[in-house]
Amino acid sequence: MTKEEANGATEEEQQAQSKKALKKQQKEAEKAAKKAEKQAKLAAEQQSTDEDDFAKDRYGVSAMVQSQQKLASVATDKVGPPSLTCMLSSAIGMKREGLGSGRVDGEFSAKGAALSLVSLHRALVRVEDLTPQKVDQLIWLRARVHTSRAKGKQCFLVLRQQQFNVQALVAVGDRASKQMVKFAANITKESIVDVEAMVRKVEQKIESCSQQDVELHIERIFVISQAEPRLPLQLEDAVRPDGDGEEEGRATVNQDTRLDNRVIDLRTTTSQAIFRLQSGVCQLFRDTLTKKGFVEIQTPKIISAASEGGANVFTVSYFKSSAYLAQSPQLYKQMCICADFDKVFCVGPVFRAEDSNTHRHLTEFVGLDIEMAFNYHYHEVIDSITDTMVQIFKGLRDNFQTEIQTVNKQFPSEPFKFLEPTLRLEYTEALAMLREAGVEMGDEDDLSTPNEKLLGRLVKEKYDTDFYVLDKYPLAVRPFYTMPDPNNPKYSNSYDMFMRGEEILSGAQRVHDPQLLTERALHHQIDLEKIKSYIDSFRYGAPPHGGGGIGLERVCMLYLGLHNVRQTSMFPRDPKRLTP
């Protein structure tokens, strides 16, 4: 090829590339023009929509609550925190990505100021208080969106507040536009909203809600906190009774999924009821013992030696040495009795380094501990503890029926039965009942878990009670500080208490004589140097005394007839779980 021919070919290629570049530029220009046209059209449609939306000030997304303004609420029996409508921002027009557009309008500050005046005189009503007495009242409330269902020109919502929920309706009319209905339908589940609504009576009971006689007709709705669209579990699945999902092809939630996402699981009506009842157990425990003259004490959880001389303790680094997490407040309760406090109790964490992966064992649980001096016989202690338990059972029965019934919907169980006075059996009587049922046991053998449950069933059949005391345990199966039975050295002045055939308390008369205590410690091969301060407590005069330790989570589990202690532990710890 000549030089002239090569130059000609290069010019042709350059011309071809120029044409391609020009064509590409033209395409890009056309694309940009179409995009601009589309944006202009959308903006015009948005403006037209905003102009046509007469209810645009009645819904939207609230600004983040940063305590910008202190608002007063009208005093009512049960008033929640003040509403923040005055702080609604441009989110009323926020870009609708599920919820609305992001425009700030210049007139909003004036609207906000006007709304703030309204907010100064607003009370938030509790969902549980929405009864027929409030029919035809215009109310405000704050709740979570439990479910939503759009249908034509209306949207049904179920609004939830702890274990109570109510049906609500947003419908196109003189108070709500179609845009407002669409906004409500797009609010994600578990979002927190403030609504203004008229309470209306319904002709037919709403069986799916706790508030069955009324529904809310929403006139305003504002999102206070928006939940992410994808939830780790669905609350309706989490409250479905075992077996129902399998039969109907619907999902249920397993225990590990619940515990891995505990914050969501704790929102279910069942969990809310369980832990409100648990709070009631603690309150009744404290109130009953305070009335009996007991003093609440606090004991250390970091100790220098194993509480009960055992190996099942957690060792922790303590500066240049080691310490242990307390297995029990036992030794300190006794020291308080020796210090003339006479009757004491404490509520606090207990740690057990036991590799037990059962339905009733935790490595950390809440102990309800009692210790008291008595005059002549340790049965004075038993009587005091059993009466305390009976008062708790009565208080739960009389004041927590809503919670009990809520739990029973998901986990049905027979009502808990107890006697007054409480049934007390001796260990030898229990052995006779078990042997009659075909169980082979030695006189000094401890009860296994299956035998405890069997005994519970036998006691229920014979005495019709779920709560009883088993007295006079063999000395060989009790801790070193247990007082031996003066009439039979094989047995001891010790007892366990049972609910539905499972142990919830272990207790005894304590050895209060330093000489006998030393002998018993040596018998159990305990290093005396490690419990020297404990033994020394009894060298300066100690009254006869006894007590026991109760597991809070077990009490709640067994009272409600549940099958796993993790259901009654808010954030359970076991050998395989250290989170959340």
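Quick notes on the rules
- Residues numbered from 1 in each chain as written.
- Predicted model: local features only at pLDDT ≥ 70, side-chain atom pairs only at ≥ 80, totals over all residues.
- Heavy atoms only, no water.
- Pairing = 2+ DSSP bridges.
- Helix = DSSP H or I, 4+ residues; strand = E, 2+ residues; numbered from the N terminus.
- Contact = heavy atoms within 4.5 Å.
- Axes fitted to C-alpha atoms, helices over the stretch in contact; angles between N-to-C directions.
- Parallel < 35°, antiparallel > 145°, perpendicular 65-115°, else oblique.
- Left-handed = near helix turned anticlockwise from the far one by under 90°.
- Nonpolar A, V, L, I, M, F, W, Y, C, P; charged D, E, K, R; others polar.
- Buried < 20%, exposed > 50% of the residue type's maximum accessible area, 1.4 Å probe, protein only.
- Salt bridge = Lys/Arg side-chain N within 4 Å of Asp/Glu carboxyl O.
- pLDDT = per-residue confidence, 0-100.

1. A closer look at the sheet that holds strand β13 (residues 343–351)
Then step 1. As summarised here, the arrangement of the eight strands in space is β9-β13-β14-β19-β18-β17-β16-β15, forming an open sheet in which the pairing is mixed. Every interior strand has two partners, whereas the edge strands, β9 (295–296) and β15 (423–426), have only one.
Then step 2. Here nine bridges tie β13 to strand β14 (residues 364–373), and the two strands are oriented antiparallel to one another. By the bridge assignment, G348 is partnered in β14 with G367.
Then step 3. Contacts from helix α8 (residues 269–291) reach β9, β13, β14 and β19 (545–551), with the element oriented near 155 degrees to β13.

2. Notes on the packing of α8 against helix α10 (residues 379–399)
Then step 1. Two elements in contact, α8 and α10, have axes whose closest approach is 9 Å; the angle formed by their N-to-C orientations is 135 degrees. Viewed along their axes, α8 and α10 adopt a mutual orientation that is oblique. The two elements α8 and α10 meet at a crossing, and its hand is right-handed. Across from L277, G280, V281, L284, F285, T288 and L289 in α8, the residues of α10 making contact are T388, Q391, I392, G395 and L396.
Then step 2. Across the contact of α8 with α10, the residue classes break down as seven nonpolar, five polar and no charged.

3. What to know about the sheet that holds strand β10 (residues 302–303)
Adjacent strands of a sheet pair through backbone hydrogen bonds, lying either parallel or antiparallel.
Then step 1. The strand order across the open sheet built from three strands is β10-β12-β11, with neighbouring strands paired in antiparallel fashion. The open sheet has two free edges, formed respectively by β10 and β11 (315–318), since each of these has just one partner strand.
Then step 2. Taken together, the four bridges between β11 and strand β12 (residues 321–325) define a ladder with antiparallel strand orientation. Counterpart to V316 in the pairing with β12 is A323.

4. Points about unusual backbone geometry
Then step 1. In this structure, P421 follows E420 across a cis peptide bond, with omega equal to -5 degrees.
Then step 2. The topology assignment puts P421 in the loop between α11 (401–410) and β15.
Then step 3. Cis geometry is adopted by the peptide bond preceding P580, which originates at T579 and carries an omega value of -5 degrees.
Then step 4. Here P580 shows up in the segment after α16 (552–559).
Then step 5. In the Ramachandran plot, R500 falls in the positive-phi region, its phi being about 50 degrees despite a non-glycine side chain.
Then step 6. Phi at Q525 takes a positive value of approximately 60 degrees, unusual for a residue other than glycine.
Then step 7. With respect to the helices, strands and loops of the structure, Q525 is situated in the loop between α14 (514–523) and α15 (532–536).

5. What about helix α9 (residues 330–338)?
Then step 1. Most of α9 is tucked away: seven of the nine residues are buried.
Then step 2. Looking at the buried residues of α9, the elements they touch are β13, β14, α15 and β19.
Then step 3. Positive backbone phi, approximately 70 degrees, marks D340, located one or two places after α9.

6. Examining α16
Then step 1. Burial within α16 is extensive, with eight of its eight residues counted as buried.
Then step 2. Along α16, the residues that are buried comprise L552, E553, R554, V555, C556, M557, L558 and Y559.

7. Remarks on the environment of S210
Then step 1. With respect to the element layout, S210 can be found in the loop between β7 (192–201) and β8 (214–225).
Then step 2. Along the primary structure S210 and T406 are separated by 196 residues, whereas in three dimensions their C-alpha atoms are 9.4 Å apart.
Then step 3. Not counting chain neighbours up to four residues away, the residues in contact with S210 comprise Q163, F164 and N165.

8. Observations regarding the packing of helix α12 (residues 427–436) against helix α13 (residues 449–463)
Then step 1. For the pair α12 and α13, the least separation of the axes is 10 Å and the interaxial angle reads 95 degrees. Classed by the angle they form, the pair α12 and α13 counts as roughly perpendicular. Of the residues in α13, those touching α12 at A430, M433 and L434 are N451, L454, L455, L458, V459 and K462.
Then step 2. For the contact of α12 with α13, the residue count by class is seven nonpolar, one polar and one charged.

9. Notes on the pattern of salt bridges
Side-chain pairs of opposite charge can arise whenever the charged atoms involved come near each other.
Then step 1. Applying the stated criterion across every chain yields a total of 32 salt bridges.
Then step 2. K205 is the partner of D213 in a salt bridge, and the nearest nitrogen-oxygen pair spans 2.7 Å.
Then step 3. You can call D213 partly exposed: its relative accessible area is 26%.
Then step 4. Judged by its relative accessible area of 46%, K205 is partly exposed.
Then step 5. One salt bridge in this structure joins K394 and E420, with 2.9 Å as the shortest N-O distance. Taken together, the residues K394 in helix α10 and E420 in the loop between α11 and β15 connect sequence positions 26 residues apart.
Then step 6. Of the residues examined, E420 reaches a relative accessible area of 52% and is grouped as exposed.
Then step 7. Members of the salt-bridge network, linked through shared partners, are K333, D369, E371 and R510.

10. Topic: the pairing of β13
Then step 1. Of all the nine residues making up β13, seven are buried; the element is thus mostly covered by neighbouring parts of the structure.
Then step 2. Where β9 lies against β13, two bridges are found, and the strand directions are parallel. Pairing of E296 across the sheet is with F345, part of β13.

11. As for the confidence of the model for the protein chain
Then step 1. Taken as a whole, the protein chain shows an average pLDDT of 87; of its residues, 84% reach a score of 70 or greater.
Then step 2. Taken together, the stretch residues 74–98 has pLDDT below 50 and engages in 82 contacts with residues farther than four places along the chain or on a different chain.
Then step 3. Across residues 100–120, confidence stays below pLDDT 50; counting only partners more than four residues off in sequence or on other chains, it has 38 contacts.

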